[in-house]
Amino acid sequence: MAIAVRQVKPFTVSGEDGTVTVSFDSSVAAGSTLVVVAGAYSDIATDGTRLTSVSDTSSNTWESPTNVRAVESWVPNVFGAVAQNVASGSPTLTLNLSIASGNRVSGALFEVSGCVTSSGIDKTVTGTSTTSSISTSATGTLTQANNLVILCAAGWFGEPSNPSGWVSDLTQTNGVGGYLGCQVSHKTTSTTSSVTGT
């Protein structure tokens, strides 16, 4: 069975005090995989806001979050978390954040079908990145065939744009409190070759 995105729910919140709640517009199918990715910023923390845990109202099991900390103070961080083989229904997710004041968060919630949990799922693709005043690019090597790749980029973007060849899920143009720009995109690939997002 090919991997596929069943539905996506983008979200943006401003001034959240330690938690963010988000839910899909349609019900979730039993056996799906849920993925949440986001960029976050708090105006009181130089080391940024991180995702500490995720829970939902359907009692699905969420794995430990992955956080990618920015290398500079005050720059937004990005994070993600996965729940596999979930129950059917309409769960509301609660994202618990490391900072409990003034968070600005932009991201997307994915429901994915066709994941074979017995073979494992890559939670992140690591690679190299370079930055300049106009763009950031990252390339990683995929370790298995039949992948869903999600790109989440956050920072001081005046106008984030979707990479060519990717499906755009969220383009947030500094609308969250005037501080956070965020781009979320995805693509599917059947190969184990490298993938690049800019």
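Residues numbered from 1 in each chain as written. Predicted model: local features only at pLDDT ≥ 70, side-chain atom pairs only at ≥ 80, totals over all residues. Heavy atoms only, no water.

**Thoughts on the sheet that holds strand β4 (residues 51-56)**
Now for step 1: Pairing within the open sheet is antiparallel, and its three strands lie in the order β2-β7-β4. In this open sheet, the two edge strands, each paired with only one partner strand, are β2 (19-23) and β4. Within the sheet, the average angular offset between the axes of one strand and its neighbour, ignoring direction, is 20 degrees.
Now for step 2: Note that β4 and strand β7 (residues 92-97) share five bridges and pair antiparallel. Among the inter-strand pairings, Asp56 is bridged to a residue of β7, identified as Leu93. (Pairing = 2+ DSSP bridges. Helix = DSSP H or I, 4+ residues; strand = E, 2+ residues; numbered from the N terminus. Axes fitted to C-alpha atoms, helices over the stretch in contact; angles between N-to-C directions.)

**Overview of the state of the cysteines**
Now for step 1: All chains considered together, the criterion is met by zero disulfides.
Now for step 2: Not engaged in a disulfide, the cysteine Cys182 finds its nearest cysteine sulfur in Cys152; these two sulfurs lie 4.1 Å apart.
Now for step 3: Judged by relative accessible area, Cys182 falls into the buried class, the value being 0%. (Disulfide = S-S within 2.5 Å. Buried < 20%, exposed > 50% of the residue type's maximum accessible area, 1.4 Å probe, protein only.)

**Some details on the pairing of strand β13 (residues 180-189)**
Both faces of the sheet carry side chains from a regular strand, because those side chains alternate between them.
Now for step 1: Taken across its 10 residues, β13 has eight buried, putting it largely inside the fold.
Now for step 2: Direction of pairing for strand β11 (residues 147-155) relative to β13: antiparallel, over a ladder of nine bridges. Across the sheet, Leu148 pairs through a bridge with Thr188, a residue of β13.

**A short note on the sheet that holds strand β3 (residues 33-42)**
Now for step 1: Strand order across the open sheet formed by five strands is β1-β8-β3-β6-β5, with antiparallel pairing between neighbours. The outermost strands of the open sheet, each flanked by one partner alone, are β1 (4-16) and β5 (66-68). When the angles between neighbouring strand axes are averaged without regard to direction, this sheet yields 15 degrees.
Now for step 2: Where β3 lies against strand β6 (residues 77-83), seven bridges are found, and the strand directions are antiparallel. Within β6, the position partnered with Ala40 by the bridge is Asn77.

**Considering the side chain of Asp169**
Now for step 1: Within the secondary structure layout, Asp169 lies in strand β12 (residues 167-176).
Now for step 2: Lacking a salt bridge, the buried Asp169 has Lys187 as its closest oppositely charged neighbour, with an N-O distance of 12 Å.
Now for step 3: If we skip the residues at most four places from it in the chain, Asp169 touches Val8, Pro10, Ala108, Phe110, Val184, Ser185 and His186. (Lys, Arg positive; Asp, Glu negative; His and termini not counted. Salt bridge = Lys/Arg side-chain N within 4 Å of Asp/Glu carboxyl O. Contact = heavy atoms within 4.5 Å.)

**With respect to the pattern of salt bridges**
Now for step 1: A complete count under the given rule lists two salt bridges for this structure.
Now for step 2: The residue Arg6 makes a salt bridge to Glu111 at a minimum N-O spacing of 2.6 Å. One end of the pair, Arg6, is in strand β1; the other, Glu111, is in strand β8 (residues 103-113), and 105 residues separate them in sequence.
Now for step 3: Residue Arg6 is classed as partly exposed on the basis of its relative accessible area, which comes to 46%.

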